[in-house]
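So you can see what is in the structure, the chains are spelled out below.
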Amino acid sequence: MTPTVFSPTGIRFENIDKRYGGLYALRRVSLEISAGECVVFAGRNGSGKTTLLRIAACLVRPSSGRVSFLDSGKERDGTLPRAGFVAHATMVYDELTAEENLLLFARLQGIAEPAARAEALLREVGLLERRSSLVRTFSRGMRQRVAIARALLNQPAVVLLDEPTTGLDPQGAHWFAETLRHLRDSGRTIVMSLHGESEVSTLATRAIQLDAGAVVADTRTGANFRSVLAFANA
């Protein structure tokens, strides 16, 4: 993974509610994630994991409460950190090539030397030889690799991952675990949702269990790591 200079960044959720009509997706969620932590959100479908990640990515506004970002433990001065987000949907364009997708997003983000950055990431995700292939010809796992490359374009301080191994075969999952290890060891703050134990989950430094939109267990406050992850498959 290409080294870069970035400011280690934490995340603070304060009394977060999110309602869709009369339905609560999140209820009074208060959490602080320290800079450099690698955190897993676990929980059944509909427990609020995706909504909380989307709020952290500033793609969804909470109905009440606030999310803030921390620099050296203090709230940043209103500036958002560099962040990368991998969602359920790959958020890449089928009718563009892998390289064209990365160039498009790199230019939209004002990234210096977009061609060089795109080439470096395509090499890292194992798709350099397919750089000129249309994404619509790719398997689900290959599309996921492009999505991961897109999320890493801006060399983010915060990496948000919603079930990132979706569609990856065992070889791809192993590759992703190694990518995640490099990101974690470089000091990035990583927050991801997963289903159960895996090679990826072993890299986490903390696990948080959500149920019906509320935090019900946290290994920081004594919950058992394996029990939290097992709950996701219950």
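This section reports on the structure supplied with the text. (Residues numbered from 1 in each chain as written. Predicted model: local features only at pLDDT ≥ 70, side-chain atom pairs only at ≥ 80, totals over all residues. Heavy atoms only, no water.)

## Some words on the overall build of the protein
A tally of regular secondary structure across the protein gives six helices and ten strands. Its C-alpha radius of gyration of 17 Å places the protein within 12% of the 17 Å reference for a compact globule of 234 residues. The dimensions of the protein, computed from C-alpha atoms along their principal axes, are 45 × 40 × 35 Å. For the protein, with 234 residues in total, the buried portion stands at 50%. Within the protein, contacts between residues separated by at least 24 positions form 69% of all contacts whose residues are at least 6 apart in sequence. By element, 50% of the accessible surface of the protein is carried by carbon and sulfur atoms, the whole surface being about 10,700 Å². Mean positive and mean negative side-chain charge positions of the protein (29 and 24 charges, respectively) differ by 4 Å. (Helix = DSSP H or I, 4+ residues; strand = E, 2+ residues; numbered from the N terminus. Rg over C-alpha atoms; globule rule 2.2 N^0.38 Å. Buried < 20%, exposed > 50% of the residue type's maximum accessible area, 1.4 Å probe, protein only. Contact = heavy atoms within 4.5 Å. Areas by Shrake-Rupley, 256 points an atom, 1.4 Å probe, with all protein chains shown as cover. Lys, Arg positive; Asp, Glu negative; His and termini not counted. Charge placed at Lys NZ, Arg CZ, Asp CG, Glu CD.)

## With respect to the nonpolar core
Leu161, Phe176, Leu180 and Met192 are the most contacted members of the largest nonpolar core, which has 43 residues in total. Secondary-structure elements contributing two or more residues to this core are strand S3 (38-42), helix H2 (98-108), helix H3 (114-124), helix H4 (140-152), strand S7 (158-162), helix H5 (170-185), strand S8 (189-193) and helix H6 (225-231). When residues in this core are grouped by element, the largest group, six residues, is from H4. Domain assignment of the residues forming this core places at least three in each of domain 1 (9-83 + 156-233) and domain 2 (93-154). When sequence neighbours within four positions are dropped, the list of residues in contact with Met192 reads Cys38, Val39, Val40, Phe41, Leu161, Leu180 and Val200. Among the nonpolar cores identified, the runner-up in size contains 22 residues, and Phe13, Ala87, Leu160 and Ile208 belong to it. (Core = buried A, V, L, I, M, F, W, Y, C linked by side-chain atoms within 4.5 Å. Domains from an automatic or database assignment.)

## A few points about the packing of aromatic side chains
The relative placement of two aromatic rings is captured by the distance of their centres and the angle of their planes. Summed over all chains, the structure comprises two aromatic pairs. Taking the centre distance of 6.1 Å and the plane angle of 20° together, the rings of Tyr93 and Phe105 count as stacked. Pair noted here: Tyr93 is in the loop between strand S6 (83-86) and H2 and Phe105 is in helix H2, with a separation of twelve residues, a long-range link. Consider the rings of Trp175 and Phe176, whose centres lie 6.3 Å apart with planes at 55°: the pair is tilted. Residue Trp175 is classed as buried on the basis of its relative accessible area, which comes to 15%. Above the face of the Trp175 ring, Arg145 is positioned so that its terminal group lies 4.7 Å from the ring centre. (Phe/Tyr/Trp six-rings, centres within 6.5 Å; stacked < 30°, edge-to-face > 60°. Lys NZ or Arg CZ within 6 Å of the ring centre and 35° of its normal.)

## Some remarks on the sheet that holds S3
Within the open sheet, the six strands sit side by side as S6-S7-S8-S3-S9-S10. Their pairing is mixed. For this open sheet the edge positions go to S6 and strand S10 (214-218), each flanked by a neighbour on one side alone. Across the sheet, the mean angle from the axis of one strand to that of its neighbour is 20°, orientation sign disregarded. Relative to S8, S7 is paired through five bridges, and the arrangement is parallel. Note that in S8 the partner of Val159 across the bridge is Ile190. Against the sheet, helix H1 (residues 49-56) makes contact with S3, S6, S7, S8 and strand S9 (206-211), and its axis sits at roughly 155° relative to S7, the strand it touches most. (Pairing = 2+ DSSP bridges. Axes fitted to C-alpha atoms, helices over the stretch in contact; angles between N-to-C directions.)

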